[in-house]
Amino acid sequence: MVRLENILEKVASYSPNADLELIKKAYVVSGVIHQGQIRQSGEPYLTHPLEVANILADLRMDSQSVATGLLHDTVEDTHTTIERIEELFGAEIAGLVDGLTKLSRMTFEKKADHEAENFRKMVLAMGRDIRVILIKLADRLHNMRTLGSLDPVKQRKIAQETLDIYAPLANRLGIGWIKTELEDLAFMYLESESYADLKEKLASALNIKENFIETVKEQIEARLRENGVEGDVSGRPKHLFSIYKKMKEQDVEFDRIYDIMAFRVIVKTLRDCYGVLGVIHSAWKPVPGRFKDYIAIPKLNMYQSLHTTVVGPYGVRMEVQIRTEEMHRVAEYGIAAHWRYKEGREPEGKDDKSFAWLRQLLEFQMDLKDSDEFMDSLKVGLFPEEVFVFTPKGDIKQFPLGATPVDFAYSVHTDIGNTCSGAKVNGKMVPLKYRLRNGDIIEIITSQSHTPSKDWLKFVVSSRAKARIRQWIKTEERAKSISLGKEILEKDLARHGLEPGKLLKSEEFEKIAAGFGVQSAESLLASVGYGKISAAQVLGKLLPPDKLRDRQKFSFRRMFDKWKPGDKDRSAIIVRGVEDVLVRFARCCNPLPGDEIEGYITHGQSVASTLSAAHPPYSTGQEDRVAWDPEVKSARAL
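Model, not experiment: these values are computed from the prediction. (Residues numbered from 1 in each chain as written. Predicted model: local features only at pLDDT ≥ 70, side-chain atom pairs only at ≥ 80, totals over all residues. Heavy atoms only, no water.)

1. Thoughts on unusual backbone geometry
Note the following rule: Per the convention used, a helix needs a DSSP run of H or I reaching at least four residues, while a strand needs a run of E reaching at least two, with both numbered from the N terminus.
One non-glycine residue, Asp 251, lies in the positive phi region at around 55°. One can find Asp 251 in the loop between α13 (240–250) and β2 (261–267). With a phi close to 55°, Asn 426 is a non-glycine residue in the positive phi region. Looking at the secondary structure, you find Asn 426 in the loop between β9 (420–425) and β10 (428–430).

2. A closer look at the environment of Glu 326
What counts here: Burial here depends on accessible area, computed with a 1.4 Å probe over protein chains only, as a share of the maximum for the residue type. Under 20% is buried, over 50% is exposed, and the range in between is partly exposed. Here a polar contact is recorded for every N or O atom pair within 3.5 Å, except that within protein the pair must consist of a potential hydrogen donor and a potential acceptor, and residues adjacent in sequence are included only if both atoms are side-chain atoms.
As for its position among the elements, Glu 326 is in helix α15 (residues 325–333). Here Glu 326 falls in the partly exposed class, since its relative accessible area comes to 41%. A sequence separation of 22 residues divides Glu 326 from Gln 304, and the C-alpha atoms of the two residues are 9.4 Å apart. Reaching out from Glu 326, the side chain makes a polar contact with the side chain of Arg 329 at a distance of 2.9 Å.

3. Focus: the nonpolar core
Nonpolar side chains in soluble globular proteins tend to be buried together. Formally: Only buried Ala, Val, Leu, Ile, Met, Phe, Trp, Tyr and Cys residues count toward a nonpolar core, and they belong to the same one when joined by side-chain atoms within 4.5 Å. In this analysis, two residues are considered to be in contact whenever any of their non-hydrogen atoms come within 4.5 Å of each other.
With 94 residues, the main nonpolar core has Ile 220, Val 265 and Ile 322 as its most contacted residues. In this structure Ile 220 touches Val 233, Phe 263, Val 265, Ile 280 and Trp 284, once residues within four positions along its chain are discounted. Leu 436, Trp 456, Val 461 and Ala 465 belong to the second largest nonpolar core, which has 24 residues in total.

4. Focus on the packing of aromatic side chains
Convention followed: Two aromatic rings, drawn from Phe, Tyr or Trp (for Trp, its six-membered ring), form a pair once their centres lie within 6.5 Å of each other, and the interplanar angle then sorts them: stacked below 30 degrees, edge-to-face above 60, tilted otherwise.
In total, this model carries six aromatic pairs according to the counting rule given. Both rings, one in Tyr 294 and one in Tyr 303, keep their centres 6.1 Å apart while their planes meet at 70°; by these two values the pair is edge-to-face. Its relative accessible area of 12% is what places Tyr 294 among the buried residues. By relative accessible area, Tyr 303 is classed as buried at 13%. Counting every residue linked through ring pairs, the aromatic cluster contains Phe 187, Tyr 195, Phe 241 and Tyr 244.

5. Considerations on the side chain of Arg 131
By secondary structure assignment, the location of Arg 131 is in helix α8 (residues 131–145). We classify Arg 131 as buried; its relative accessible area is 1%. Polar contacts involving the side chain of Arg 131 include one to the side chain of Glu 92, which spans 2.7 Å.

6. A few points about the sheet that holds strand β11 (residues 442–446)
Quick note on the threshold: Should DSSP find at least two bridges between two strands, the strands are taken to pair. Axes here refer to lines fitted to C-alpha atoms; in helices the fit is confined to the stretch in contact. Angles between the N-to-C directions go from 0 to 180 degrees.
Judged by pairing direction, the sheet is antiparallel, and its three strands sit side by side in the order β10-β9-β11 without closing on themselves. In this open sheet, the two edge strands, each paired with only one partner strand, are β10 and β11. With strand direction ignored, the average angle separating the axes of adjacent strands in the sheet is 35°. The sheet contact formed by β9 and β10 spans three bridges and is antiparallel. Residue pairing for β10: Val 425 is matched across the bridge by Lys 428. Against the sheet, helix α18 (residues 405–412) touches β9, β10 and β11, its axis set at about 80° to β11.

7. What about the confidence of the model for the protein?
Any segment with low pLDDT has predicted coordinates that should not be analysed in fine detail. Our working rule: What pLDDT conveys is the predictor's confidence in a given residue, as a value from 0 to 100.
Taken as a whole, the protein shows an average pLDDT of 76; of its residues, 70% reach a score of 70 or greater. Residue range residues 551–572 is modelled with pLDDT below 50. Its contacts to residues more than four positions away, or to other chains, number 46 contacts. When the criterion is pLDDT under 50, residues 610–638 qualifies, and its contacts beyond four places in sequence or with other chains add up to 96 contacts.

8. Concerning the pattern of salt bridges
Note the cut-off: By convention in these notes, a salt bridge is any Lys or Arg side-chain nitrogen within 4 Å of a carboxyl oxygen on Asp or Glu.
Throughout the structure, instances matching the rule amount to 15 salt bridges. Note that Arg 3 and Glu 5 form a salt bridge whose closest N and O atoms lie 3.8 Å from each other. The exposed category is assigned to Arg 3, whose relative accessible area is 54%. Notably, a salt bridge pairs Lys 136 with Asp 139, separated by 3.6 Å at the nearest N-O pair. Here Lys 136 and its partner Asp 139 are both found in helix α8, three residues apart, which amounts to about one turn of the helix. The buried category is assigned to Lys 136, whose relative accessible area is 8%. Under the relative-accessibility criterion, Asp 139 is labelled buried at 7%. A cluster of three or more residues bridged by salt bridges with shared partners is formed by Asp 62, Glu 92 and Arg 131.

9. Re the pairing of β2
Within β2, seven of the seven residues are buried, which leaves it mostly tucked inside the rest of the structure. Side chains of β2 alternate between two faces, with Met 261, Phe 263, Val 265 and Val 267 and Ala 262, Arg 264 and Ile 266 buried alike. Direction of pairing for strand β1 (residues 231–237) relative to β2: antiparallel, over a ladder of seven bridges. When the bridges of β2 are listed, Gly 231 appears paired with Val 267.

10. A short note on the packing of helix α20 (residues 463–495) against helix α24 (residues 535–542)
The following threshold applies: Any angle from 65 to 115 degrees is called roughly perpendicular, while one under 35 is roughly parallel, one over 145 is roughly antiparallel, and all others are oblique. Crossing chirality is assigned from the near helix's rotation relative to the far helix, an anticlockwise turn below a right angle marking it left-handed and a clockwise turn marking it right-handed. Each residue receives one of three labels: charged for Asp, Glu, Lys and Arg, nonpolar for Ala, Val, Leu, Ile, Met, Phe, Trp, Tyr, Cys and Pro, and polar for the others, Gly being one of them.
Interaxial distance between α20 and α24 falls to 10 Å at its minimum, and their mutual angle equals 50°. Comparing the axis directions of α20 and α24 gives the class oblique. Seen from above, α20 lies across α24 with right-handed handedness. Across the interface between the two elements, Ile 488, Leu 489, Asp 492 and Leu 493 of α20 pack against Ala 535, Val 538, Leu 539 and Leu 542 of α24. Of the residues contributing to the contact of α20 with α24, the split by class is seven nonpolar, no polar and one charged.

Here it is, written out as structure tokens:
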């Protein structure tokens, strides 16, 4: 079990001026608040905040973050309030704790809504202070380390959520070691048999090659000395989940995965990185297509390194990563290596391009209110596989793998995306669903008469493009629904002797809208247009029931005067209030004057009768024409 002294020593080692008294105070308060609470494992609850604070110290976080790690569950799991935390520790720590607190006191229609709102709140808190997600990752990492005490159903649920959201988040933030451990732990609970089998096979393979890592390490060090390069060399097997993913992607067994070993060379200067690359390639034959220069083109999470795969001693494939000490620090600590907090100052690098993905997260969380859409966009936005393309001016843009010219257009500007009518790639016209490739030069063709299509949602992959297309479609559909709803209500209001022009703009109509639980009169019109609220329901709020019934009485009329022999339409119905509506009788429906009939509006927008009459078909050579009000379900023919 981690002790407070261990945490204080770590913090003091990388931050001599850290406020250790603040951490001590947070430890005491957390101990008092959580007193008597026990975790599922049977341990005192305080062990969890201590472990979270220790992980934050491993990330070399500031004293406020470490203190928040000790306090992060005080509001969620006890009766303590945010106001009390602010009173004891100030607004900064209270804000961090609030960002971490789940929405446990709110109710949602669906469980997915609850989870989506938790993530939405976390994304918003990240926008205000990135430390929120760093503390949350530390919290999730310790929970995953102790997941064995929960029942199997909860284990799988938490493990899947970790694999879908938290491991990609750690990767996006550039914290490689947390991402790796989260993936392996999730793999252990989601695919326990595959995990155990792969772990055994990897251990067996390493036993066979027990001297391999040391041998290769010595050879690389010797060649570096020969070339006058100073560097630190280390080797390790790749983590289990990455090997498992490669087996699945390539559809091969473990024995066919050759590059399970990885070596890292850390040097002093950028120049040495490329020098070491030459040394490695001169010593062992490189595997074609397996070289990646993340120094010239860094990953979105700020990661920089040279990656190459070579055929090493004994014909074993091995990956070699080459980077400077500063690059290695970023690779280990990610965003935490760049995010520095000083009293009374804003975080440095706030507008750095490294945070572009976070700004995109904030944008689409505001646009997407549907929980399923939000979670889908969140997952898409977090996965790091990317393609690099160029603008006509030579600027580099990064997109998720599988991106299209439409994704590119929306990355430039929403208006460019909305009016995108075509695209050129490397000077040649391509379909809008063309998949971008590394090095492509993209040029977008726009037309003011062109608008987004629902079909675009089938092939765009970036969160920004999906959010903007959905937003445009919803705006257009809403405008059409408002117009249709207004038209329907105006006709019904006029038919009942009311003045639609004044009424629809009155305060009374706003109150009626509030009574239906919608935000405005415009929203009520949209609901009528969508068919969620009927015109009869609105009229019911405006007229007393007896007056409404009187006005709903109407008669069917024989209209022989308008019928002429030879008319093709032998059984039509005139629908009052709606023009050009298709009307048809069911085959079993043979109404006579005096019979009660019922009808309904079908999906095809036709009015169909549903009466099953016992009478034979009524026919005098001249069929009846009747008047029908769609708001009245039945009437008596005269």
